[in-house]
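# Chain and residue survey
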Amino acid sequence: MSNNVLTIRNLSVHYRTDRGELKAMRHINLDVPKRSIVGVVGESGCGKSTLISSIIRLLATNATIPNGSIEFEDRDLLKLSENEMRAIRGVRISIVFQDPMSTLNPVLSIGRQMTDIQYRDNKSQADKVQRSVDMLESVGIPDPASRLGQFPHEFSGGMQQRISIAMALQAEPSLLIADEPTTALDATLEVQIIHLLKALQTDMGCSILFISHHLGVIAELCDYVVVMYAGEVVEEGTTRDVFHHPAHPYTERLLQCDPASIVKKSRTLPTIPGDIPDLVTLPSGCVFKNRCEHVMEQCDTTTPDWTEHSNGHFVSCHRGRT
Amino acid sequence: MLAVTLLYCMIHMVPGDPARILLGPRATPELIASMSARMGLDLPLPVQILRFFGNLFRGDLGMDVITNRPVADIVFGQLPYTLWLIFTAIVFAALIGIPLGCYSALHRNSLADRISGVLSVACITAPAFVVALYSLLVFAVTLHWFPAVGAGEKGAFWDQVSHLVLPAFAIGLSWIGYLARLVRASMLEVMGENHIRTARAYGLAERTVVYRYALKLAILPTVTVIGVGMGFLLSAALFTEIVFARPGIGKLIFDSITTRNYPVVMGSVLVSTALFVISTTLSDLINAWLDPRIRASL
Amino acid sequence: MIDVLRRITHEPLGLIGLILVILIVISAILAGVVAPYDPVALNIVDRLQGPSINHLLGTDQLGRDLFSRVLYGGQVALKVALISIGAALSIGVLLGMVAGFGPRWLDNIIMLFFDTIRSFPTVMFALATVALVGPSLETVILVIIVTSIPNYGRVVRTQTLSIKSNEFIRAEHGMGASLFRILGIHVLPNVMGPLVILASMDIPTVIALEAGLSFLGMGVKPPTPSWGSILNDGYTLIRNTPWPIIAGSIPLVLITLGFTFLGESLRDLIDPKLRKSV
C-alpha cells in the first residue's frame, strides 16, 4: 500500500483539433500524499483543467490519453470501466468547481441535489435528508433544514460555494479536488472558504488537490506545491522549499509577479514577457526557453530531465546542473 | 383589441354594403335598411366599434344575422373541437419530437442525428394542408383505417378519438420537426453548462443527468415556443378542419367568411386572438412553475 | 458571392437545395416551351387519367394535362414569392430604419403596427382580407406583403438602433453627414446578410401560403393554374383519383425543401450566430 492517495505517472493528454494534435499535457508526474493538501499553480492554459478532467475521467470527447497512469487507492483509474469509474466519482474523489453560481442546477432544490447524489446509499429518504442537513450545518449554513427546499439562486455566492463543498464532502471522499474554489469570490469570503476547507480536511482526514493561481492562498493552505507551465510540471516540492528556494526560473518569475510580494513602489506591475508556446507545434528543448532570462544553448536542443534538486524537491531545468 | 378595431375599419373601407351583399341583389332598399340597423351598420364607425367593445365587456359578441343566434354561443360551441385538436396535435408532436431532439443532442453528428435533422426540416416545411390531404388520401380514402370527415358522434368516445387521429397528425407533423430541432439545440446548450459537469462529477448515472438535470432546463424554451406558436397552430387547424370537414373555429371562420357573416367572423377572430394571448400567458405561467428563477422574479 | 455559391455546393444539403431550386425555377420560366399542352385547354374525353406517356402526371376532371398545369403553376408561385418578398423587404427596410432613426413616437407607432400584424394568425388575416377585397392574385400578394413586413422591419430596426448608439456614428452625424449616407453606408451592409437569409427562408412559407389560399379557393382565380388550386381539384376528386393531389404537392414540397435547405446552409455560412435565434 503506497503512501499516496493519488500517484500520477508520465501522463499525457492530447486533443484532436482542426490544426492537428494539441498536446495539452505532457508526461506529468504528480503525487498527493495521504492527509495532505497539494497545491497546483500555473497561469491560464497551462493544463490545470485538463489535469482535473483526466483524474475524474470527464475529458472532452476529442481528448486522447496516449500514455501514463493515474493510480488512486492502488487502482489505475485509466483502466477502470465507466461504471467502476462512476462509483468513484463523488464518493472517493469529489470536486469543488470554480464558479459556485453555475455549478448547481438552477431548477432543482438544494435538498434534491444533495439527496440525489446519495443515490448509491441504501438509506431511507429521511436519513439522506438528515445527512444533507448535517453537512450543511458543518459548512456553516445557518438553519439548514429549512433551506433545503430553496433553489441555488436564493443563496449568495459564498453560500453556494459552501453548499458545493458540503455536497463534495458528503460521501467522505479520500480526495477532494478544489478547482480554484475561491476565484469567483471576494477576499473576505475567500479567507472564510480557505479556513473552512482546512478545518474540514483535518476533521475528515482527506487529501485535497487545490488548484489556484493565487500564490498567497497556496502558501497558506498547502503542504506541497506543483508548478505547471504549458502542460508540463516544471517544479514540485514542499511549499516551504518551492516558495523560499524556487529552482525553476518560471517559479521565480511567478513569485516576483505576485502582488503580495511586491515591496518596492513601481509604475508597472511586473509581468513575464512572452507567450506560452503553441501546443500543436511544440518547439524542441525546454518549453520555457523563449521567456527564460537564464536561457542557455542546451535549452534549445534537449528537454530538461526531471531531477531531484534537493530532498523531495524536483525540477526540470538545465540551470544549476553540471 | 387593436386587431379587432383594424378588422372593423377594413370591413368599412371596402366598397359595398355588407347588408346588401347578405340579402342579395333583389333585396328592397327598406329591407337593406332594416338589416343594416340590425347589424348596427347604420351608426357611425367609431360608435360601432365602441358598441362592440361595450358588448364584449358583458360577454356579448353580438348576434348572428343569419340564424339569429348569439355569436358567443356559436363560437364557444365550436371552440372545444379546435382546442382538442390542437391539444392532441401538440401532445403527439411533443411525445415524438422531444425524445428525438434529446437523442440527436446526445448522439451529436451521428448518422441518426443527421437523418433526424433532415427529416425535421422536411417535417417543418411540409404545409399542414398538404399533410392533411395526403393522410386523408392514404389512411382514410385508400386504406380506410380512419374516418375521413367530421368529428365523430357526440358522446361516443372512441369514435371521436378515431376522428381526431388524422387531423392531429396533419397539424402535429411539422411540430415534431420543430420541437426536435429546438430541443436538440437547447439540450446541446444545457449539456455544456457547468452544473451538468458537476452532476457528472458526483457520479450520477448518465440517465439521471440527462433526464432529470438537463431535460428540465432544456424543455423551457419549448414551452414558450408552443405558447407563442398558437397562431401557427390555429392556422394549421383551419386548413385541417376544412380538409377533414371537421367542426371547429377555423372552419367556422372560413364558412362565415364565405357567407359574409361578419358578426360571426368578428366573434371567432376575436376569440382566436384571445386564445393566442391566453396561450402565451399560460406558457409563461408553466415556465414559472418549472423554473424557480422566473418564479422568484414574478 | 461566387465564393458563397462554391461553398454551398460543397455541402450535400446546400447542393440538393440549390439543384431543386434551380430545377424548379428553370422549369417554371420555360413552362411555355417545355409544357406539352396548354394548361387551360379542356379535353373532356381524356379526363381523370392516370400518368401515361401522353400525360406524365395524368389529367384532371376537365381533361387538362396536370404536368403542364404544374409547370405553369410554378410561374404563379414564383411570381407571388418574388413580388411579395421584394416589396415586403423594401418596405420593411424603410420602416425599420425610420423606426430606428426617427423620433420616439414614430418608433412606437411603427412597432405597434408590427405587433398588431403579428398578433393575427396569418391565415385568418389573409382570409379576412380576401373576404373583403375578393380573391385574386393581387390580394394574395398584398396580404403576404403586409404580414411579412414586420419580420424584416424588426431586424433592420434593431440593427439601426444599435448603430445609432455607436459613438462614431454620432460623431459623423454631428459633423453633418446626411442621414441617408449613414443609413446607406453603415446600416444597410450590416443587415444585408440576415435579410438575405430571412428572405430565402421566407420563400417557402410564402409559396405555401399562396398554395394554401388558392387551395381554399381564396387565391388565384380559376382557370389559372396554381399548385393550390390543383390540390383543391384533387381534394374534391379524392375518391376518384389521387393524381391531382400528387401532381400538386410534389413541386410544392420540393421547392419548399429546396429553399429551406438552401436558406439553412446560407445561414450557416454567412451568419452562424443567427442559428440559434431563427
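Just above, that's the structure.
Residues numbered from 1 in each chain as written. Chains lettered and ligands numbered in written order. Predicted model: local features only at pLDDT ≥ 70, side-chain atom pairs only at ≥ 80, totals over all residues.

A few words on the overall build of chain C. The secondary structure content of chain C amounts to twelve helices and zero strands. The order of α-helices and β-strands along chain C, N terminus first, is α-α-α-α-α-α-α-α-α-α-α-α. Expressed as a percentage of the 278 residues in chain C, the buried residues total 47%. Looking at chain C alone, contacts between residues at least 24 apart form 69% of all its contacts between residues at least 6 apart. (Helix = DSSP H or I, 4+ residues; strand = E, 2+ residues; numbered from the N terminus. Buried ≥ 20, exposed ≤ 12 C-beta atoms within 10 Å, placed from the backbone. Contact = placed C-beta atoms within 7 Å.)

Facing the 35 residues of chain C at the interface are 36 residues of chain B. Of all the secondary structure elements, the ones that give two or more residues to the side of chain C that touches chain B are α5 (104-119), α6 (122-133), α9 (179-215), α10 (227-236) and α11 (243-270) of chain C. For the side of chain C that touches chain B, the element with the most residues is α11(C), which contributes nine residues. Along the lines of polarity and charge, the residues of the side of chain C that touches chain B split into 24 nonpolar, eight polar and three charged. (Nonpolar A, V, L, I, M, F, W, Y, C, P; charged D, E, K, R; others polar.)

With that settled, the discussion passes to the sheet that holds strand β3 (residues 37-41) of chain A. Residue and element names in this part refer to chain A. The eight strands are arranged β6-β7-β8-β3-β9-β10-β12-β11 in an open sheet whose pairing can be described as mixed. In this open sheet, the two edge strands, each paired with only one partner strand, are β6 (93-96) and β11 (307-310). Mean inter-strand twist for the sheet, computed between neighbouring axes without regard to direction, equals 20°. Inspection of the sheet shows β3 paired to strand β9 (residues 224-229) by four bridges, in the parallel sense. Within β9, the position partnered with Val-38 by the bridge is Tyr-224. On top of the sheet, helix α11 (residues 249-257) reaches β3, β9 and β10 (232-238); it is set at about 105° to β9, its chief contact. (Pairing = 2+ DSSP bridges. Axes fitted to C-alpha atoms, helices over the stretch in contact; angles between N-to-C directions.)

Residue and element names in this part refer to chain B. Contact geometry for helix α13 (residues 249-258) and helix α14 (residues 262-290): axes closest at 9 Å, N-to-C directions at 150°. Classified by the angle between their axes, α13 and α14 sit roughly antiparallel to one another. As for how α13 packs across α14, the hand of that crossing is left-handed. Residues Ile-249, Leu-252, Ile-253, Ser-256 and Ile-257 of α13 form the contact with α14, whose participating residues are Val-264, Val-265, Ser-268, Val-269, Val-271 and Ser-272. The residue inventory of the contact of α13 with α14, partitioned by class, reads eight nonpolar, three polar and no charged. (Parallel < 35°, antiparallel > 145°, perpendicular 65-115°, else oblique. Left-handed = near helix turned anticlockwise from the far one by under 90°.)

Honestly, it's all geometry; don't read function into it.
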